[in-house]
Amino acid sequence: MSTEEVLSIQDLRMKYDGRYVLNGIDLHVRRGEMIGYIGPNGAGKSTTVKIMLGLVEGYTGTVRIFGQDIADGSVEYKRRIGYVPEVAELYDQLTPAEYLTFTGELYGLSYEEAYEKAERLMECFDLGKVYHSRIATFSKGMRQKVLLISSLLHDPDLLFLDEPLSGLDANSVMVVKEILAKLSAAGTTIFYSSHIMDVVEKISSRIVLLADSRVVADGTFKELQQQSQEGSLEEVFNQLTGFHNHGAIADRFVSIIREGS
Ligand code: ADP
Ligand code: MG
């Protein structure tokens with residue numbers, strides 16, 4: 001791994017409705033790292049990612065990508081970035097061929113190059129036959145694959161993934177995990193935001209755990225395990241976020257469902 005700093009976040013704060021959802025985040029990421037960015041629902045993971053992509057304003061602190069302060073107005077850095085959003089506006093009336101050549105051209109590819117590359121990548125995901133079908137007819141998993149292709153078509157140096165596996169079946173999850181591992185080994189920096197622990201545990205070179213608007217743990221899976229003296233990442237996560245009452249919540253939930261029966 002190189003020492004080149006691809007991403008640096010300093011004292012990042014963001015308020016919504018008078019409440020801090022990010023309260024002093026510091027994070028420095030080197031080229032080739034695969035960061036697993038985890039935290040409970042509502043912890044601020046997606047907000048962090050959207051700020052880095054220039055999609056959310058009103059934050060304080062400094063975010064540098066490839067050494068450039070993203071607040072300085074230039075959007076050049078975006079050409080070298082790929083993004084799979086948690087909630088995507090895929091244009092339902094378009095076909096993957098239309099959508100992917102459109103996004104490919106935005107990232108600087110020629111139409112022909114984008115068309116052919118996207119077609120071959122669709123075939124890899126078993127979607128060759130629907131390259132010219134409307135996205136409106138696609139399942140969640142098929143849409144997710146189109147988004148993954150769209151984020152990777154231009155071979156980005158830095159890839160942001162926000163819950164990238166949602167809707168994918170087990171075989172596809174294995175393929176995508178393997179793709180990410182190979183990209184990372186070849187120098188792509190990956191920022192993988194998810195609340196699904198088992199995948200993060202397996203693929204991340206470094207795990208950053210967000211809770212209560214702050215980073216509460218940052219290290220390799222082994223380091224986090226030692227810090228909390230727990231086993232799986234899920235257990236480490238529960239301990240570091242102070243969550244122990246899953247049993248009680250489940251009991252209450254089931255008893256409400258079964259009331260009177
Ligand atoms: P995560 O991705 O970790 O689940 P988010 O970053 O989506 O969390 O949200 C963090 C917090 O910020 C949540 O409490 C959410 O309700 C709030 N939030 C996110 N986006 C907005 C918004 N546009 N306006 C108001 N509150 C928001
Ligand atoms: Mg989120």
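Here's a quick rundown of the structure.

Cut-offs used in this document
- Residues numbered from 1 in each chain as written.
- Chains lettered and ligands numbered in written order.
- Predicted model: local features only at pLDDT ≥ 70, side-chain atom pairs only at ≥ 80, totals over all residues.
- Heavy atoms only, no water.
- Salt bridge = Lys/Arg side-chain N within 4 Å of Asp/Glu carboxyl O.
- Helix = DSSP H or I, 4+ residues; strand = E, 2+ residues; numbered from the N terminus.
- Buried < 20%, exposed > 50% of the residue type's maximum accessible area, 1.4 Å probe, protein only.
- Donors = N, O, S within 2.8 Å, 3.2 Å for Na, K, Ca; no water.
- Near = heavy atom within 4 Å.
- Polar contact = N/O pair within 3.5 Å; in protein donor to acceptor, adjacent residues only side chain to side chain.
- Areas by Shrake-Rupley, 256 points an atom, 1.4 Å probe, with all protein chains shown as cover.
- Nonpolar A, V, L, I, M, F, W, Y, C, P; charged D, E, K, R; others polar.
- 1 Å grid on protein atoms, 1.4 Å probe; cavity = no way out; pocket = protein on both sides within 12 Å on 5 of 7 lines; lining within 4 Å.
- Points joined across faces, edges and corners; volume = space filled by probe spheres on them.

What about the pattern of salt bridges?
Inspection of the entire model under this criterion finds seven salt bridges. K182 is the partner of E178 in a salt bridge, and the nearest nitrogen-oxygen pair spans 3.9 Å. Of the two residues, E178 and K182 are both situated in helix 5 (residues 170–185); the distance of four residues between them amounts to about one turn of the helix. You can call K182 exposed: its relative accessible area is 56%. When salt bridges that share partners are traced, they join E33, R206 and D218 into one network.

Description of the coordination of the magnesium ion (ligand 2)
Distances from the magnesium ion (ligand 2) to its protein donors, S46 (OG) and E86 (OE), fall within 2.1 to 2.5 Å. Residue S46 is located in helix 1 (residues 45–52), and its partner E86 is located in the loop between strand 6 (81–84) and helix 2 (96–106); the two are separated by 40 residues in the primary sequence.

Here's the deal with the site of ligand 1
By nearness alone, every residue bordering ligand 1 is listed as Y16, R19, V21, P40, N41, G42, A43, G44, K45, S46 and T47. Note that an oxygen atom of ligand 1 is positioned 2.8 Å from one of the side-chain N or O atoms of R19. Between ligand 1 and G42, the relevant distance is 2.8 Å, taken from an oxygen atom to a main-chain nitrogen or oxygen of the residue. In the complex, the protein chains occlude 63% of the 560 Å² of accessible area that ligand 1 would expose alone. Put simply, the parts of the chain that give the shell around ligand 1 at least two residues each are strand 2 (19–30) and helix 1. When residues in the shell around ligand 1 are grouped by element, the largest group, three residues, is from helix 1. Along the lines of polarity and charge, the residues of the shell around ligand 1 split into four nonpolar, five polar and two charged.

A look at the layout of surface pockets
In this structure, the largest pocket occupies an estimated 710 Å³ of space. Taken together, 25 residues line the largest pocket, and the ones lying closest to its centre are L55, Y83, T103, L106 and Y107. Contributions of two or more residues to the lining of the largest pocket are made by helix 1, strand 6, helix 2 and helix 4 (140–152). When residues of the lining of the largest pocket are assigned to their parent elements, the largest contribution, four residues, is made by helix 2. Class assignment for the residues of the lining of the largest pocket results in 15 nonpolar, three polar and seven charged. The calculated volume of the second largest pocket comes to roughly 240 Å³. Looking at the second largest pocket, it is lined by 13 residues, and the ones nearest its centre are L121, L148, L152, I179 and L183. Listed by contribution, the elements that provide at least two residues to the lining of the second largest pocket are helix 3 (111–124), helix 4 and helix 5. Per-class residue counts for the lining of the second largest pocket are 11 nonpolar, no polar and two charged.

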